[in-house]
Amino acid sequence: MKKKPVPVNLEITDNNAVKLASTGNAEAFSYLYEQNVKRIFNYIYYRIGSEQDAEDLTARVFHRAFGHIGSYEEKGVPFSAWLYRIAHNLIANWHRDNFRRREVSLEDQIDLPHLGDLPERMVERNQEQEMLLKAIRNLSPDRQQLILLKYLEDLSNAEIAIIMRRTEGAIKSLYHRSLISLREELEKIDKYNVLEK
Amino acid sequence: MIAGEANMTDGIESSGINHLWGLEDRLNHVLKPVTPDPVFVNSLKLKLSRTPSVFLEQSRKYDGLHAILIGLAAGLLGYWLYRKFSK
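Please read these numbers as outputs of a predicted model, since none were measured by experiment. (Residues numbered from 1 in each chain as written. Chains lettered and ligands numbered in written order. Predicted model: local features only at pLDDT ≥ 70, side-chain atom pairs only at ≥ 80, totals over all residues. Heavy atoms only, no water.)

1. Quick notes on the overall build of chain B
Looking only at helices and strands, one finds three helices and zero strands in chain B. Reading chain B from its N end, one meets helices and strands in the order α-α-α. For chain B, the proportion of its 87 residues judged to be buried stands at 22%. Carbon together with sulfur atoms contributes 64% to the accessible area of chain B, which is approximately 6,600 Å² in total. (Helix = DSSP H or I, 4+ residues; strand = E, 2+ residues; numbered from the N terminus. Buried < 20%, exposed > 50% of the residue type's maximum accessible area, 1.4 Å probe, protein only. Areas by Shrake-Rupley, 256 points an atom, 1.4 Å probe, with all protein chains shown as cover.)

2. Things to note about unusual backbone geometry
Backbone phi values are negative for most residues with the exception of glycine, while trans is the configuration of most peptide bonds. Residue and element names in this part refer to chain A. In this model, D154 sits at a positive phi of 60 degrees, which is unusual for a non-glycine residue. Secondary-structure assignment places D154 in the loop between α6 (141-151) and α7 (157-164). Judged by its relative accessible area of 67%, D154 is exposed. The backbone phi angle of R165 is positive, close to 55 degrees, even though this residue is not glycine. The topology assignment puts R165 in the loop between α7 and α8 (168-196). Given the relative accessible area of 64%, R165 is considered exposed.

3. Description of the nonpolar core
Grouped together as the largest cluster of nonpolar side chains are 69 residues, with contacts concentrated most on I44, F62 and L182 of chain A together with L27 and L31 of chain B. With near-sequence residues (within four places) excluded, L31 of chain B lies in contact with Y46, L133, I136, I147, L148, Y151 and L152 of chain A. (Core = buried A, V, L, I, M, F, W, Y, C linked by side-chain atoms within 4.5 Å. Contact = heavy atoms within 4.5 Å.)

4. So, helix α2 (residues 26-48) of chain A
All names here are of chain A. Of all the bends in α2, the greatest measures close to 45 degrees and is centred on N36. The opening residue of α2 is N25, an N-cap whose side-chain oxygen sits 2.9 Å from the backbone nitrogen of E27. After α2 finishes, the residue G49 shows a positive phi value of roughly 75 degrees. (Bend = angle between axes of the 7 residues up to and from the residue. Polar contact = N/O pair within 3.5 Å; in protein donor to acceptor, adjacent residues only side chain to side chain.)

5. Concerning the side chain of N36 of chain A
Residues and elements named next belong to chain A. In this structure, N36 sits in helix α2. Using a relative accessible area of 4% as the deciding quantity, one classes N36 as buried. If we skip the residues at most four places from it in the chain, N36 touches F62, F79, S80 and L83.

6. Considerations on the environment of I136 of chain A
Following the sequence through the fold, I136 of chain A ends up in helix α5 (residues 127-137). Judged by relative accessible area, I136 of chain A falls into the buried class, the value being 2%. Taking the C-alpha atoms as reference points, I136 of chain A and L182 of chain A, 46 residues apart in sequence, are found 6.4 Å from one another. With residues near it in sequence (within four places) discarded, I136 of chain A still touches Q144 and L182 of chain A together with L27 and L31 of chain B.

The following block contains the structure:
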């Protein structure tokens, strides 16, 4: 169904930005971009652990969203949920195409430029933090997504359920299992480190 | 409500699994939002504003097939040249 054009000089707000952007309003899309770029970058960065690739994938997320915004339909779901879903799919493709990169250790990424306050550049960074990030990246994609949405975005189970297309109860259960898996991963890494020494 | 319980309301509610609470605290401590490079953020915004509404992504779907076809063609050419010059 063809969408009705929206007046161009309408003030852009959270409520009308998606509608305006879907009719081709570039300012509305810029507004949505500014609202979401940091969170999408964060999500991707923590999932793959490389700033350069995170920038590349973030760009692809927004290019893809921009290319398909005309067919986007609001269904009471936050616009960010759509972006997270695109990011989630692109990350899966990235892992598939670059499976060797999974083995890149966090230590290899210390000297990345422009990181500012990125975790691996923080002076107070310690081995425990590295272990935790490594353990998170060893979890299944769904579990990583859940943990990152919960802790980076501070989203509730209900909000995460919308993004991940599950029930709130399922998210609660998955969260519990994710923490148990994470603890097991940490124990594995810890044992490996002890053996290495 | 005890300290640290507030952020557990959406997470682990059972008091019998306190051992996981320490993990939640660690996650809270480590997973801090990071700031993307402002140069990247601004340049992407500029690119998006200049990009036509239809964005063509390069498909990697058929990369493998292309490689096989090129290899096959090269093999056939080599075989044909070998047959031609060996006579």
